Amino acid sequence: MTAVESRPAGVAATSSPRAQRPFGARVRAFVELTKPRIIELLLITTVPVMFLAAGGVPDLWLVLATCLGGYLSAGGANALNMYIDRDIDALMDRTSQRPIVTGMVSPREALVFGIALAAVSTLWFGLLVNWLSAAMALGALLFYVFVYTLGLKRRTSQNVVWGGIAGCMPVLIGWSAVTDSMSWAAVVLFVVIFFWTPPHTWVLMMRVRDDYERVGVPMLPAIATNKAVAKQVVVYSWVMVLVSLTLTPLGYTGWFYTAVAALSGAWWLMEAHRLRARANAGVTGAKLKEMRLFHWSITYVSLLFVAVAVDPFLR
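A tally of regular secondary structure across the chain gives 15 helices and zero strands. Its C-alpha atoms give the chain a radius of gyration of 20 Å, near enough to 20 Å, the size a compact globule of 315 residues would have. Taking the principal axes of the C-alpha coordinates as reference, the chain spans close to 60 × 55 × 30 Å. Buried residues in the chain amount to 55% of all 315 residues. A sequence separation of at least 24 residues applies to 76% of the contacts in the chain between residues at least 6 apart. Accessible area of the chain: about 13,800 Å², with a carbon and sulfur share of 67%. Placing the 26 positive and 16 negative side-chain charges of the chain at their respective mean positions leaves the two points 5 Å apart.

Next up on the list: the packing of aromatic side chains. A full pass over the atoms with the stated rule returns 10 aromatic pairs. A ring pair is formed by tryptophan 162 and phenylalanine 194, whose centres lie 5.6 Å apart and whose planes are at 55°; its orientation type is tilted. Note that tryptophan 162 is positioned in helix α8 (residues 159-163) and phenylalanine 194 in helix α10 (residues 184-207), a separation of 32 residues in sequence. Accessibility expressed as a relative area gives 45% for tryptophan 162, which makes it partly exposed. Judged by centre distance (5.7 Å) and plane angle (85°), the ring pair of tryptophan 255 and phenylalanine 256 falls under edge-to-face. Over the aromatic face of tyrosine 83 sits the side chain of arginine 86, whose NZ or CZ is 4.5 Å from the ring centroid.

Attention shifts here to the confidence of the model for the chain. Summarising the model, the chain shows a mean pLDDT of 92, and 94% of its residues fall at 70 or more. A low-confidence stretch, residues 1-17 stays under pLDDT 50, and its non-local contacts, those more than four residues away or across chains, total 36 contacts.

Time to look at a nonpolar patch on the surface. Taken together, the side chains of Trp61, Leu64, Leu123, Leu127, Leu128 and Trp131 make up a nonpolar region of the molecular surface, amounting to roughly 670 Å² of accessible area. By residue number, the principal contributor to the nonpolar patch is helix α6 (residues 107-128), which donates three residues. Mapped onto the fold, leucine 127 is located in helix α6. The class of leucine 127 is exposed, set by a relative accessible area of 63%.

What counts, and at which threshold
- Residue numbers run consecutively from 1 along every chain, following the written order of its sequence.
- The predicted origin of the model limits local features to residues at a pLDDT of at least 70 and limits the giving and counting of side-chain atom pairs to 80 or more, whereas totals for whole chains, interfaces and linings rest on all residues.
- Excluding hydrogens and water, the side-chain figures rest on all heavy atoms present in the structure.
- Each helix corresponds to a stretch of at least 4 residues labelled H or I by DSSP, and each strand to a stretch of at least 2 residues labelled E; elements are numbered beginning at the N terminus.
- Taken over C-alpha atoms, the radius of gyration is set against a globule rule of 2.2 Å times the number of residues to the power 0.38.
- In this scheme, a residue with accessible area under 20% of its type's maximum is buried, one over 50% is exposed, and one in between is partly exposed, where area comes from a 1.4 Å probe on protein chains only.
- Contacts are assigned to residue pairs with any non-hydrogen atoms lying within 4.5 Å of each other.
- A 1.4 Å probe and the Shrake-Rupley method give the accessible areas. Residues count as covered only by the protein chains that appear here.
- His is not counted here, nor are the chain ends, while Lys and Arg score as positive and Asp and Glu score as negative.
- The atoms used to mark charge sites are NZ of Lys, CZ of Arg, CG of Asp and CD of Glu.
- Here the aromatic set is Phe, Tyr and Trp, taking the six-membered ring for Trp, and pairing holds for ring centres within 6.5 Å; pairs whose planes are under 30 degrees apart are stacked, those over 60 apart are edge-to-face, and all others are tilted.
- Our definition puts a charge over a ring when NZ of Lys or CZ of Arg is within 6 Å of the ring centre and also within 35 degrees of the ring normal.
- Each residue carries a pLDDT score, the predictor's confidence in it, ranging from 0 to 100.
- Each patch is built from residues lacking any salt bridge and having more than 30% relative accessible area; the joining distance is 9 Å for like charges and 5 Å for nonpolar side chains (Val, Leu, Ile, Met, Phe, Trp, Tyr).
- Take a side-chain nitrogen of Lys or Arg and a carboxyl oxygen of Asp or Glu: if they are within 4 Å of each other, that pair is a salt bridge.

Here you go:
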């Protein structure tokens, strides 16, 4: 692994006068520590599962409480991730403007903020949702921080595969929030997200591989050829689509979900195979069009989980 500066250049800015860190910008910086755009995806997988678990419209207060608790928990994990990764964030183009690097938030402030969100979110879930959901939210946070960020990220190209487990947990949390129990339906959707995460992430990393090569983080696209990465994308994509189609035979969904899962999955597989064909042909740069699959991956998971929410009303 390439050695990197232990103290990012931007952190020195935290010693600057407070007048240079206006209140509004500071508030925005703390919000940015939570990575709200990523959390949007987590909520997309939480709320529809609550509809499926309820067999219709769940208690709307429960939905609000679960979403807010999920935001606080995931935000705490993301803040702690930025605290730990501040050294490499300072050296990568895509992360060079993060709050700790720019000095808008000090490392100590980010650490305290992340721990506070972890504690508050756990109590929030336990007192306002249920303690099973609280345990799973805390488990996801600890897994993301200690297993993925500290254990896997800088050591193995399988970092995203196993680290992605934390991002699958909102599915289980959504189900447990409604039922205070677990179900095979939630497990199936957990597995769908598990196999969705690596291709979704790898195709983005193909675009920014130089950043990870620079800091020695072994994301698969940084250590493997486009051909090898695309092959893995296709394998994971097939498993993901096939798993998504098992909900109906298991009796949890009907024709609407099946149609959406089949059609959106078919489009995903077509894009994945096209990416592999371009990679096998030696295409590089903009012509590789890896971001087509990245953007479709967000659309796919949104469509699939909207279908999860709508299906109970059409059965």
